[in-house]
Amino acid sequence: MDASKTSQFVVIPPPTVGVPIQGSESLFPVRRIFCVGRNYAEHAREMGANPDREPPFFFTKPADAIVTGGKDVLYPGATNNLHHEVELVIALGEGGSAIPKEDALHHVYGYAVGNDLTRRDLQAEAKKAGRPWDTAKGFDQSAPIAAISPVSVCGHINSGKISLSVNGALRQSGDVRDMIWSTEEIISCLSILFALQAGDLIFSGTPAGVGPLVPGDQVVAAIAGLTPLEHTLVC
Ligand code: MN
């Protein structure tokens, strides 16, 4: 047997997912996508939860759920209630475990606007049955994201308007300063549960006003100081 062939893959390896960076030709390579649940009090209440009593909790999406460049998003199968969730996305430029809160911001490469697309009907069924959220949250094309702005350009985004409109009508509106768990706290908490690495993205939770999308809808999501995210739902 030819030893040089033992390192070959049996099928073509999937490509690394890259997110454009504002003002650069380079791409941000995505390793993992972590998401924070219920990080704005008004949204926690609209989902029937009590925001005062819950520590942060996390779920994930696969790296290849990312959609970049304003490309159309395919309306997924197996749902009749696809919801939008505009979120501040934190892009890590440096990893670590048990990162102290005071050091956490040094690990941030940049920030972007993302949409944590959710099959709300499957999520409701999963909650009721005590089952995982993967089919509700981690489906194909469930993570549209705009270009990442490096911290060196945009600074740290800890306040400012966050909003989402559908076909020109405002659906979600809030302020990043109303996040229950700050960027520092999220990174510190996550790094206890997982060894974080450069290339990790963290969707940091959505403000109130989540609602359904249908094919043909044009979504515009924005956070003050960042490149807006625009995409259309298609069949
Ligand atoms: Mn979310």
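Residues numbered from 1 in each chain as written. Predicted model: local features only at pLDDT ≥ 70, side-chain atom pairs only at ≥ 80, totals over all residues. Heavy atoms only, no water.

J.: Just checking my understanding: could you explain the coordination of the manganese ion for this structure?
T.: Working reference: metal with six octahedral donors, ideal angles 90 or 180 degrees; metal with four tetrahedral donors, ideal angle 109.5 degrees. On the protein side, the manganese ion has Glu 85 (OE), Glu 87 (OE) and Asp 116 (OD) as donor atoms, found 2.0 to 2.1 Å from it. Along the chain, the residues that donate to the manganese ion are spaced as E-x1-E-x28-D. Both residues of the pair, Glu 85 and Glu 87, belong to the buried class. (Donors = N, O, S within 2.8 Å, 3.2 Å for Na, K, Ca; no water. Buried < 20%, exposed > 50% of the residue type's maximum accessible area, 1.4 Å probe, protein only.)

J.: Is there a simple way to think about the sheet that holds strand 6 (residues 73-74) in this case?
T.: Strand pairing within a sheet occurs via backbone hydrogen bonds; the two strands may be parallel or antiparallel. If you walk across this open sheet you meet the five strands as 6-18-17-13-14, and the pairing is mixed. Of all the strands in the sheet, the pair left with one neighbour each is strand 6 and strand 14 (169-175). Here four bridges tie strand 17 (residues 218-223) to strand 18 (residues 229-234), and the two strands are oriented antiparallel to one another. Pairing of Val 220 across the sheet is with Glu 230, part of strand 18. (Pairing = 2+ DSSP bridges. Helix = DSSP H or I, 4+ residues; strand = E, 2+ residues; numbered from the N terminus.)

J.: Help me understand the pairing of strand 17 in this model?
T.: The alternating pattern of strand 17 places Val 219, Ala 221 and Ile 223 on a buried face and Gln 218, Val 220 and Ala 222 on a face that is not buried. With antiparallel pairing between neighbouring strands as the criterion, strand 17 and strand 18 make up a hairpin whose turn holds five residues, including Gly 225 at a positive phi of roughly 95°.

J.: Would you take a moment to explain the pattern of salt bridges for this structure?
T.: Pairing between side chains of opposite charge can happen when the charged atoms of each approach one another. Evaluated as defined, the whole model comprises eight salt bridges. For Lys 101, the salt bridge is made with Glu 185, and the minimal N-O distance between the two is 4.0 Å. Placement of Lys 101 in the loop between strand 8 (86-92) and strand 9 (108-115) and of Glu 185 in helix 5 (residues 183-193) is noted, with a sequence separation of 84 residues between them. Note that Lys 137 is salt-bridged to Asp 116, the shortest N-O span being 2.9 Å. Linking Lys 137 in helix 3 (residues 134-137) with Asp 116 in the loop between strand 9 and strand 10 (118-119), this pair joins segments that are 21 residues apart in sequence. Of the two residues, Lys 137 and Asp 116, both sit in the buried class. (Salt bridge = Lys/Arg side-chain N within 4 Å of Asp/Glu carboxyl O.)

J.: Please clarify how the state of the cysteines should be interpreted in this entry.
T.: Covalent bonding between the sulfur atoms of two cysteines is what defines a disulfide. Counted by the stated rule, this structure contains zero disulfides. Considering cysteine sulfurs only, Cys 189 is the nearest to Cys 35, which forms no disulfide, with 15 Å between them. The thiol sulfur of Cys 154 is not disulfide-bonded, and the nearest other cysteine sulfur, from Cys 35, lies at 20 Å. (Disulfide = S-S within 2.5 Å.)

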